[in-house]
Amino acid sequence: MEKLYGVIGDPIHHSMSPLIHNFALQKHRLHAHYTAFHVKAEKLEDAFKGFRAIQLAGLNVTIPHKQSIIPLLDEVDPLARDIGAVNTVVLENGKYVGYNTDGPGFIRQLKNIDRHFSRKKVLIIGSGGAARAIYFSLAKEKVQTIDMANRTIQKARTIINDCPYQTESQALALIDAEKCLDQYDILIQTTSIGMFPNIHETPIQIKRLKENTIVIDIIYNPFETKFLQEAKKHQAIIANGIDMFIHQAALSFELWTNQAFPVEDTKKLVIKQLGGDKC
Ligand code: ATR
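Just so we're clear, the structure is a prediction, and the values are computed from it rather than from any experiment. (Residues numbered from 1 in each chain as written. Predicted model: local features only at pLDDT ≥ 70, side-chain atom pairs only at ≥ 80, totals over all residues. Heavy atoms only, no water.)

Trainee: Help me out: how do you make sense of the nonpolar core in this one?
Mentor: Nonpolar side chains tend to gather and get buried jointly when the protein is soluble and globular. Counting 30 residues, the largest nonpolar core has I124, Y135, L138 and I188 as the members making the most contacts within it. Of all the secondary-structure elements, those providing two or more residues to this core are α3 (78–83), α4 (102–113), β7 (121–125), α5 (129–140), β8 (145–149), α6 (153–162), β10 (186–189) and β11 (214–217). Broken down by element, this core gets its largest block of residues, seven residues, from α5. With residues near it in sequence (within four places) discarded, I188 still touches F106, V122, L123, I124, I125, I134, L138, I216 and I218. Core analysis: the next-biggest nonpolar cluster, separate from the first, contains 22 residues, M16, A57, V90 and F253 among them. (Core = buried A, V, L, I, M, F, W, Y, C linked by side-chain atoms within 4.5 Å. Buried < 20%, exposed > 50% of the residue type's maximum accessible area, 1.4 Å probe, protein only. Helix = DSSP H or I, 4+ residues; strand = E, 2+ residues; numbered from the N terminus. Contact = heavy atoms within 4.5 Å.)

Trainee: What is the right way to read the sheet that holds strand β4 (residues 75–76) from this model?
Mentor: Where strands meet in a sheet, backbone hydrogen bonds hold them as pairs that are either parallel or antiparallel. Taken together, six strands build an open sheet; the order of strands is β2-β1-β3-β5-β6-β4 and the sheet is mixed. If you trace the sheet from one side to the other, it starts and ends with β2 (32–38) and β4, each paired once. In terms of strand pairing, strand β3 (residues 58–61) meets strand β5 (residues 88–92) through three bridges, oriented antiparallel. The partner of N60 across the bridge, within β5, is T88. Taken strand by strand, helix α9 (residues 242–257) contacts β1 (3–9), β2, β3, β5 and β6 (95–99), and its axis lies near 10° from that of β5. (Pairing = 2+ DSSP bridges. Axes fitted to C-alpha atoms, helices over the stretch in contact; angles between N-to-C directions.)

Here you go:
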């Protein structure tokens, strides 16, 4: 029988996950299909009962369900439990097990840019769900210094205090981070500032930046945010959020199928879908 996988969220029509997962399933000639399910917050429990009844093989979970799915699962992987968010559910021996592949997906991207990243000084800008997953995953990888700057400084403090992995960290106001950017080797922009249609905005001014600083913006619409454009003027090594998106999907796919995800071909597909091949 054909296996069924899917993604749940609200809204969900914009999701590129069906496109890329069906592409990967077809590449491996697996008898399976991946579909998008529009599930409202108040219907999550009912929807999940339905998934159990049909023994759905695996699920991606997106906004607003990443936290609320946790009590419905049979088991949760320790990293996902610590982060407090699940984006991947796997049917393992009849049990639904939750994982978080957002943070580990980011780590894969970073490893490809600099395999010595754990010795570097990192600054994360923003303290939302993505920042939390990235912070915990970097700390788990034993990155020695991870500072976090946010408009609401208390949210940065909460993430730092909640993290069970040992690392040195300071919570900073955005304006203070701006003044000491030259202390960092890696900058990670996780806020929504600069995302389409507000493409002329940046969360902080990039004036003091060392040459060859790695600057990653997890936004990929536009491909190159104003933040990345400014960083480029200071000879930074820049990357957008496409790789994080692809690698989180790759890790989900590997958990479900035990097969390698076609990373490079999928990246071309995503760029084409976003219109980037016409840039
Ligand atoms: P996600 O879960 O997608 O990572 P989120 O939880 O909505 O996103 O978090 C968004 C982040 O962008 C937060 O760090 C937020 O700052 P606050 O914690 O102070 O709210 C930041 N952010 C969004 N709009 C902002 C703005 N106009 N100025 C500064 N920070 C902003």
